[in-house]
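# Topology and contacts: notes
If you want the building blocks of each chain, they are given just below.
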Amino acid sequence: MIPNAQRPALTDDPKIDRYRALLAQTAIFKGATQAALEDLARRLQVRTRPAGSIIVAHEDPGDAMFILVSGRAKVALFGDNGRELTLTELKPGDFFGEMSLLDDRPRSANVVAIDDVTMLMLTREAFAGHLRSHGQTAINMLGELTRRLRRADETIASLALHDVESRLTRTLERLAREDGEATDAGLLLRRRPTQQDLANMVGSCRETISRTFTSMVKRGLLVPRGRALVLTRALLDRRAAAVPA
Ligand code: CMP
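Right, let's walk through the structure included here. (Residues numbered from 1 in each chain as written. Predicted model: local features only at pLDDT ≥ 70, side-chain atom pairs only at ≥ 80, totals over all residues. Heavy atoms only, no water.)

What follows deals with the packing of helix α1 (residues 16-25) against helix α2 (residues 34-43). At a closest axis distance of 10 Å, the pairing of α1 and α2 adopts a crossing angle of 125 degrees. Comparing their axes, α2 and α1 come out oblique. You can see that α1 and α2 cross each other, and the crossing is right-handed. Each of I16, R20, L23 and A24 in α1 lies in contact with α2, whose residues at this interface are Q34, L37, E38, L40 and A41. When grouped by side-chain class, the residues that make up the contact of α1 with α2 number 6 nonpolar, 1 polar and 2 charged. (Axes fitted to C-alpha atoms, helices over the stretch in contact; angles between N-to-C directions. Helix = DSSP H or I, 4+ residues; strand = E, 2+ residues; numbered from the N terminus. Parallel < 35°, antiparallel > 145°, perpendicular 65-115°, else oblique. Left-handed = near helix turned anticlockwise from the far one by under 90°. Contact = heavy atoms within 4.5 Å. Nonpolar A, V, L, I, M, F, W, Y, C, P; charged D, E, K, R; others polar.)

Put into C-alpha cells, the structure is as follows:
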C-alpha cells in the first residue's frame, strides 16, 4: 500500500470528476462557483481508512479536516467506564474535523469509521487558503455549524428532560425520517440499529434499551419486521401530542 504522504494530490486522481460532483452536493460547498470547486480540487488529498478505525482521536491535535466520499462514520465520546455516547452519524458528503482548525484546540471528539471509508482531506493551510479566497464557503460552513449546535441543544435537553422511552422514540423517529418511508402501518425504519448502537445514541445502556424496546413491542407501539422496524401510528400520534419536536 502506498503511504498516505506519498499519494498523489486530487488533481492527478482519475476519479476527480466524481469528487468534484460530490463536493458540489455537500452542505458546505453547495452552490460553490466552478472556480471555488477547482480551487478546492487542487488543494484536496484522498485518504482511505478501514471500518472500525479511529480517524480523528479525542484530545489529539488537529491539522486537517475531512469530507466523506463513501462509507459512514460516527462522532463519539467514550466514558471512563467504557460507555460510548454517539453524538452523530456522518454520511457521504458530510464534513468533520473543522473545529480544531477553527479554534486551534485539540479534537473535541472521536470520529470512528463505521464502514471502510474514503475521504477528501484538506490540511489546515489548504483550508485557510480556500476560506480566505472563497467567503461563501465560510458562510455555508457557519450555516452547517449552526444546524449542529441546534441539534446538540436538542440532545442536551433530551438527556436532561426525557426518560429513556421518550429518547428512544425520538431517536428511532429521527432515523426513520432520515432513512425510511411512510407506510399504512406507520413509519418504516429500513435498517434497525443494534440495541448497543441505540444505547450509544440514546445515552443509556444495552440492558435498559432491551427492556424498553421489548415493552414497547408488547404494547404494540413498535413492530419489528426482520431487520426493519415499524413505528406505529399510535406511537407517532402519542409523541406528537406529548411535546413539541
Ligand atoms: P474536531 O474537534 O476537529 O474533531 C472532532 C470532530 O467531530 C469535530 O471537529 C467536528 O467535526 C465533529 N463533531 C464534534 N461534535 C459534534 C457534534 N455534536 N455534531 C456533529 N459533529 C461533531
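Picking up where we left off.
Mapped onto the secondary structure, L222 falls in strand β11 (residues 222-225). Excluding its chain neighbours within four sequence positions, the residues that come into contact with L222 are L172, F213, M216, V217, L229, V230, L231, T232 and L235.

Moving on to the sheet that holds strand β7 (residues 110-113). Strand order in the open sheet formed by 4 strands is β2-β7-β4-β5, and the pairing between neighbours is antiparallel. The open sheet is flanked by β2 (54-56) and β5 (84-90), the only strands paired with a single partner. Neighbour to neighbour, the strand axes of the sheet diverge by 35 degrees on average, direction disregarded. Looking at chain direction, strand β4 (residues 73-78) and β7 are connected through 4 bridges and run antiparallel. Counterpart to A73 in the pairing with β7 is A113. (Pairing = 2+ DSSP bridges.)

What follows concerns the nonpolar core. Among soluble globular proteins, nonpolar side chains are generally buried collectively. Ranked by size, the top nonpolar core spans 20 residues in total, and within it L168, L172, L189, I209, L222, L229 and L231 carry the most contacts. Elements with a minimum of two residues in this core: α6 (164-178), β10 (186-189), α7 (195-202), α8 (206-218), β12 (228-232) and α9 (233-242). The element best represented in this core is α6, accounting for 5 residues. One finds L22, L40, L44 and M141 within the second-largest nonpolar core, a separate group that totals 19 residues. (Core = buried A, V, L, I, M, F, W, Y, C linked by side-chain atoms within 4.5 Å. Buried < 20%, exposed > 50% of the residue type's maximum accessible area, 1.4 Å probe, protein only.)

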